[in-house]
Amino acid sequence: MVSVQSTFVFATAQYQSGDWDSAPLVPANIIDTIAQYTSIPVAPTGVIVPLGSERLLEFPFVFLTGHLPVRFTDEERRMLRRFVERGGFLFVDDHNHDIDGAFHKTAVEEIERTVGPLRPLPNDHALYRAFFVFEDGPPTTSHELNGWGDNLVHEHLLAVTSGGRISVLYSNKDYSSEWNFHPRTKRMLSVDPTRFAVNVIVHALTR
Amino acid sequence: MPSPADVVARPRVNAARRALELALRLLAIVALAIALWRELVPAEPGAVTRVATAGDSTSVRAVLGTWSADPDVSAAHLSLRDAPDAITRDWLRALRGAGAQVGWDAPLPAPAAITAEPLPDVLPRVRIAATTASPVMLADGVGVVDSLPAGGGAVIGASVEGVVSARPAADSVRAPVMATRVHDSLLVRRVLVLGMAGWEARFIVAALEEAGWLVDARLAVAPDVAVVQGSVRPDTARHAAVVVVDSSAAPHATAIARYVRMGGGLVLLPEALTLAPFRALAAGARGSALRAEPGRLASEEPRHGLALVPVASPRPDARVLEARDGAVAVAARRVGAGRVVQVGYVDSWRWRLAGRDDAVAAHRAWWSALVSGVAYAPARAIYVPDPWRPLDDAPAARLIAALGTPSPAPASAAAPAVPGHPGVRWLLFAIAVGALLAEWASRRLRGAP
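What you see is a predicted model; the values in this text were computed from it and never measured.

Draft legend 1. Fine view of the overall build of chain B. Broken down by element type, chain B carries 10 helices and 22 strands. Considering chain B as a whole, with its 449 residues, one finds that 45% of them fall into the buried category. Within chain B, residue pairs in contact and separated by at least 24 positions form 66% of the contacts whose partners lie at least 6 positions apart. In the form shown here, chain B has an accessible surface area of approximately 21900 Å², with 61% of it arising from carbon and sulfur atoms.

Draft legend 2. Highlighting the interface of chain B and chain A. Contacts between chain B and chain A engage 38 residues on the former and 28 residues on the latter. In total, chain B and chain A occlude about 2700 Å² of area from one another, counting both sides; carbon and sulfur atoms represent 57% of this. On the chain B side of the contact with chain A, Trp199(B), Arg202(B) and Leu353(B) bury the most area, a combined 27% of that side's loss. The tally of links from chain B across to chain A stands at 1 salt bridge. The partner of Arg165(A) in a salt bridge is Glu209(B), with the nearest N and O atoms 2.7 Å apart. Inspection of the region where chain B meets chain A yields 10 residue pairs in polar contact (both at pLDDT 80 or more).

Draft legend 3. Expanded view of the packing of aromatic side chains. All names here are of chain A. Scanning all chains against the criterion turns up 20 aromatic pairs over all chains. With centroids separated by 5.7 Å and ring planes inclined at 50 degrees, the aromatic side chains of Phe10 and Phe63 adopt a geometry described as tilted. Here Phe10, found in the segment before strand E1 (11-14), pairs with Phe63, found in strand E3 (residues 61-66); they are 53 residues apart in sequence, far enough to count as distant. Its relative accessible area of 2% is what places Phe10 among the buried residues.

Draft legend 4. Up close: the sheet that holds strand E6 (residues 136-139) of chain B. All names here are of chain B. Within the open sheet, the 4 strands sit side by side as E7-E6-E9-E10. Their pairing is antiparallel. Since the sheet does not close on itself, it has two edges, and those belong to strand E7 (144-148) and strand E10 (178-182), each with one partner. Between one strand and the next, the sheet's axes are offset by a mean angle of 25 degrees, whatever the strand orientation.

Draft legend 5. Seen up close, the pairing of E7(B). All names here are of chain B. Two strands pair when backbone bridges link them, and E6 and E7 are joined in this way by 4 bridges, in the antiparallel orientation. Bridging from a neighbouring strand, Leu138 pairs with Asp146 of E7. Linking E6 to E7, which pair antiparallel, is a turn of 4 residues.

Draft legend 6. Spatial organisation of the nonpolar core. Judged by nonpolar contacts, the single largest core of 72 residues is most densely connected at Phe61(A) and Leu169(A). At 8 residues, the largest contribution of residues to this core is made by helix H5 (residues 195-206) of chain A. Sequence-distant contacts of Phe61(A), that is, excluding residues within four places in its chain, are made with Phe8(A), Val9(A), Phe10(A), Ala11(A), Phe83(A), Phe89(A), Phe91(A), Val200(A), Ile201(A), Ala204(A) and Trp199(B). Among the nonpolar cores identified, the runner-up in size contains 36 residues, and Val191(B), Val243(B), Ala327(B) and Val371(B) belong to it.

Draft legend 7. Region of interest: the packing of helix H1 (residues 26-37) of chain A against H5(A). All names here are of chain A. Across the interface, H1 lies against H5 with an axial gap of 9 Å and an inter-helix angle of 80 degrees. Comparing their axes, H5 and H1 come out roughly perpendicular. Seen from H1, the contacting residues are Ile30, Thr33, Ile34 and Tyr37; seen from H5, they are Arg195, Ala197, Val198 and Ile201. Here the residues of the contact of H1 with H5 are counted per class, giving 6 nonpolar, 1 polar and 1 charged.

Conventions we followed
Residues numbered from 1 in each chain as written. Chains lettered and ligands numbered in written order. Predicted model: local features only at pLDDT ≥ 70, side-chain atom pairs only at ≥ 80, totals over all residues. Heavy atoms only, no water. Helix = DSSP H or I, 4+ residues; strand = E, 2+ residues; numbered from the N terminus. Buried < 20%, exposed > 50% of the residue type's maximum accessible area, 1.4 Å probe, protein only. Contact = heavy atoms within 4.5 Å. Areas by Shrake-Rupley, 256 points an atom, 1.4 Å probe, with all protein chains shown as cover. Buried area = accessible area lost by both parts, 1.4 Å probe. Salt bridge = Lys/Arg side-chain N within 4 Å of Asp/Glu carboxyl O. Polar contact = N/O pair within 3.5 Å; in protein donor to acceptor, adjacent residues only side chain to side chain. Phe/Tyr/Trp six-rings, centres within 6.5 Å; stacked < 30°, edge-to-face > 60°. Pairing = 2+ DSSP bridges. Axes fitted to C-alpha atoms, helices over the stretch in contact; angles between N-to-C directions. Core = buried A, V, L, I, M, F, W, Y, C linked by side-chain atoms within 4.5 Å. Parallel < 35°, antiparallel > 145°, perpendicular 65-115°, else oblique. Nonpolar A, V, L, I, M, F, W, Y, C, P; charged D, E, K, R; others polar.

Here it is in structure tokens:
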């Protein structure tokens, strides 16, 4: 009997400003992680989906990253609003570890303008127990200092929630740098840094 | 001293007065005898017939009041404008039970009936079905709640308790033509969703929760790892229905089959039919997948934009609920005390995400209705207002059941028959009393005892 079950597709948002493709190895790495730890059917390759196109509505999980200042176009704002209102999950990671937090300041402004206010996500949120257990909340990375230009390690992720569900998950942890390596490199690491990505995707698929 | 003429004339006068007194006495006796005869001898059937034309129930009752007080009425015929209400109908039936022949005719409205039942849904919703020839307005004790098209039915998304009545939409001042009693009396429990972690299961849970259902779920993530919400053991004491998304529900298949036979509801998606226990419950077999029709998600028929695994070879006891281009998309059947619905659509979440502006609400309502259609919802006792109030849920049918089919008005009885007039009894009484008084006065005036 042929299965008609759909697979999880890792989609990366392409937006017109900034550098949306700053972490090109992340999709393959996360796909590898999902296949390795879970039995969730996952597409072997990710897709790139323009933020301002109707195609955005084909992928309920979308990853967005970058270093540079972000300014969405009107069409990108309209589509992002529709995406979130209909139940999509946008995972935004600040790839920035340079000065002044340019991505952070502009991306937060755009998200709050388009979708709603970002609030700190409690570290005992179900996200941190969705698959692996992260007792202290979001795992830190070796890159996150000064991600916002304030020389602090931030203890919380931020989120826009709607009806008790996360619509937008915002990270300043620079997971884009932490996960931007070839999947085969994982075997050299004592602790797989991409494990938290499993939690994010499992949470998006189940809550 | 009386004159000789007086002596000769007085006996003649007295004889005449005695004859008159005798005549008056006989007249009184005859009048009393006639009255007695009229009381003791029943009137011949059809001898006294009443015919009336009455528009509404109030005027019908006025006519019935007159007829009921007249024992001479042996036949009655009403020309009605509408079917009378329940009280008037019972009155006519009682008149017939008392021996009168009761006939009726009316330009009878098209057969009309109304019924209402609560839906096993999380929101207080009432399904109202009515057969009417013209649109009607529905009202409860508070006011107008909805309208029905001619010959239509409706689901009212509100708590309606008490009496729901229908009146012609074109005539707002007219009395209700039919009414029924409705109340929310179902105990609606949780829904259990079983499947792999994936968009379909996730958006089914979201849609049901947004619709107000409390949802338990087990979404498998890896072998022996699942995201669990609530209790995942199917139980009619906790769950109204179970939604099986795919084969990850295999460990629960036997329990689910038992749950359904005990009355539980089950929604099966195409991937669930890869398991034999669910194939045994399903409405039909799993057909060959049909592709989604490009560009249809945002159309008026959004489910044409979904891939479809049709319900093939539906069982004889299955009922097709939805079809697409000749293929059965949704079908249901009863299994034991429970109900099973088999859904052929694949990835319905695509409709929610890429559909028209109302797609989220439509997707939510569709899923809620699917679950509602099979949900196990035992009745619970509640307060019923005015339980003694007779209601007319099918006025024309009940009129015919009570009085038989309509008949033409009797032409010969167009006017009331004189012998049947109730004043005759009083006239006879007055004659008898008057005659006796006159006879007594005559005797006393002439000095007789």
